[in-house]
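Secondary and tertiary structure notes
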Amino acid sequence: PDTVFIEELTWTEVRDAIKAGKTTVILPTGGTEQNGPHMVLGKHNFIIKYTAEQIARRLGTALVAPVVTYVPEGNLDPPSGHMRYPGAITLPNEYFTKLLESAARSFRVNGFRDIVLIGDSGGNQNGMKAVAEMLNREWAGSGVRLHFVPEYYSGTGYREWLIAEGEKEADIGTHAGITDTSQLMAIHPQHVRKDKLADRGGFEGSGVSGNPTRASVAYGKK
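Read on for an overview of the structure.

Procedures and definitions
Residues numbered from 1 in each chain as written. Predicted model: local features only at pLDDT ≥ 70, side-chain atom pairs only at ≥ 80, totals over all residues. Heavy atoms only, no water. Helix = DSSP H or I, 4+ residues; strand = E, 2+ residues; numbered from the N terminus. Buried < 20%, exposed > 50% of the residue type's maximum accessible area, 1.4 Å probe, protein only. Phe/Tyr/Trp six-rings, centres within 6.5 Å; stacked < 30°, edge-to-face > 60°. Core = buried A, V, L, I, M, F, W, Y, C linked by side-chain atoms within 4.5 Å. Contact = heavy atoms within 4.5 Å. Polar contact = N/O pair within 3.5 Å; in protein donor to acceptor, adjacent residues only side chain to side chain. Pairing = 2+ DSSP bridges. Axes fitted to C-alpha atoms, helices over the stretch in contact; angles between N-to-C directions.

**Quick look at the environment of Val 64**
Along the chain, the position of Val 64 falls in strand S2 (residues 62-64). Accessibility expressed as a relative area gives 1% for Val 64, which makes it buried. On a C-alpha basis, the gap between Val 64 and His 38 in space is 29 Å, while along the polypeptide they are 26 residues apart.

In structure tokens form, the structure reads like this:
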């Protein structure tokens, strides 16, 4: 079948793909968190599943693991960060890193040689880095390596590009503003409530930083 997603393949198809040279696996991490009144809680998961597929298809030697949707989102008692909003799900970092470690060890047993960690959320980055460093020390000389790619999240230069396009720093924001709203508009427009788009979410405590009314499909595709 024309897919790069492991969960859409049978075990014999995965076996044959590895034998044919698809020895890279991408492990994407997203999250389930509030994204203002205008955008669904699974935003990160939808975006990174799309981008991971594009990366794998361009590489031609990679498959994509199921997206990790349970990630650190704040404390439970008292609730902090995104956990102050209904629908958010948090996984403490100690368990998040164990999940990643177990997945990576599974991929090694499967026969993958290069395991790539990318995350669409800031709270995922330290855990992915720690797991990569730990297992790379353990696996040194084995021919299997973890690649944590922080540039997926931090090195895109999108803020500078949007400013060059005439957008204001405050409108770009840091959460549920122009950037991620535009990305979701471009790939899954049904998950953006256009009637709820409002500057800073429209009210105090909306969870929005930025002005998502400035978002566009064109920005999202870029």
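**Brief notes about the packing of aromatic side chains**
Scanning the model with the defined rule gives 2 aromatic pairs in all. Ring geometry for Phe 107 and Phe 112: centres 6.0 Å apart, planes at 90 degrees, overall edge-to-face. Here Phe 107 matches Phe 112 in class, with each residue buried. For the ring pair Trp 161 and Tyr 219, a centre distance of 5.5 Å and an interplane angle of 80 degrees mean the geometry is edge-to-face. Taken together, the positions of Trp 161 in helix H6 (residues 158-164) and Tyr 219 in helix H9 (residues 217-221) put the pair 58 residues apart, joining distant regions of the chain.

**Focus: the nonpolar core**
By size, the foremost hydrophobic cluster in this structure holds 28 residues, and its most contacted members are Leu 27, Phe 107, Phe 112, Ile 115 and Leu 146. Those elements that provide at least two residues to this core are helix H1 (11-19), strand S1 (24-29), helix H3 (93-110), strand S3 (114-119), helix H4 (125-138) and strand S4 (145-148). Top contributing element to this core by residue count: H3, with 5 residues. If near-sequence neighbours (up to four positions away) are discounted, Leu 146 is found in contact with Ala 104, Ile 115, Leu 117, Val 131, Ala 132, Leu 135, Asn 136 and Trp 139. One finds Met 39, Ala 56, Ala 62 and Tyr 152 within the second-largest nonpolar core, a separate group that totals 21 residues.

**Quick word on the side chain of Asp 120**
Its place among the elements puts Asp 120 in the loop between S3 and H4. At 2.9 Å, the side chain of Asp 120 and the side chain of Tyr 152 are in polar contact. Sequence-distant contacts of Asp 120, defined by excluding residues within four places in its chain, comprise Thr 29, His 44, Ile 47, Ile 48, Tyr 152 and Tyr 153.

**A word on the side chain of Asn 35**
Among the structural elements, Asn 35 can be located in the loop between S1 and helix H2 (43-59). Polar contacts involving the side chain of Asn 35 include one to the main-chain carbonyl oxygen of Glu 33, which spans 2.9 Å. At a separation of 2.8 Å, a polar atom in the side chain of Asn 35 contacts the side chain of Lys 43.

**Looking at helix H8 (residues 178-187)**
Along H8, the residues that are buried comprise Ile 178, Asp 180, Thr 181, Ser 182, Leu 184 and Met 185. Taken together, the buried residues of H8 touch H2, H6, helix H7 (169-172) and H9.

**Digging into the environment of Thr 24**
Along the chain, Thr 24 falls in strand S1. What makes Thr 24 buried here is its relative accessible area of 12%. Those residues in contact with Thr 24 that lie beyond four places of it in its chain are Thr 61, Ala 62, Leu 63, Phe 112, Asp 114 and Val 116.

**Description of the pairing of S3**
For S3, the buried fraction is high: 5 of the 6 residues fall into the buried class. Relative to S3, S1 is paired through 6 bridges, and the arrangement is parallel. In the strand pairing of S3, Val 25 is matched with Ile 115. Judged from the 4 bridges that link them, S3 and S4 form a sheet pairing that is parallel.

**Observations concerning the sheet that holds S4**
In any sheet, the strands associate via hydrogen bonds between backbone groups, in a parallel or an antiparallel arrangement. Read across the sheet, 4 strands follow the order S2-S1-S3-S4 without closing on themselves; strand pairing throughout is parallel. The open sheet has two edge strands, S2 and S4, and neither has a second partner. Here the average twist between neighbouring strands, direction ignored, is 25 degrees. Sheet contacts for H2: S1, S2 and S3; angle to S1, the most-contacted strand, approximately 165 degrees. Sitting on the sheet, H4 touches S1, S3 and S4, and the angle it makes with S4 is about 155 degrees.

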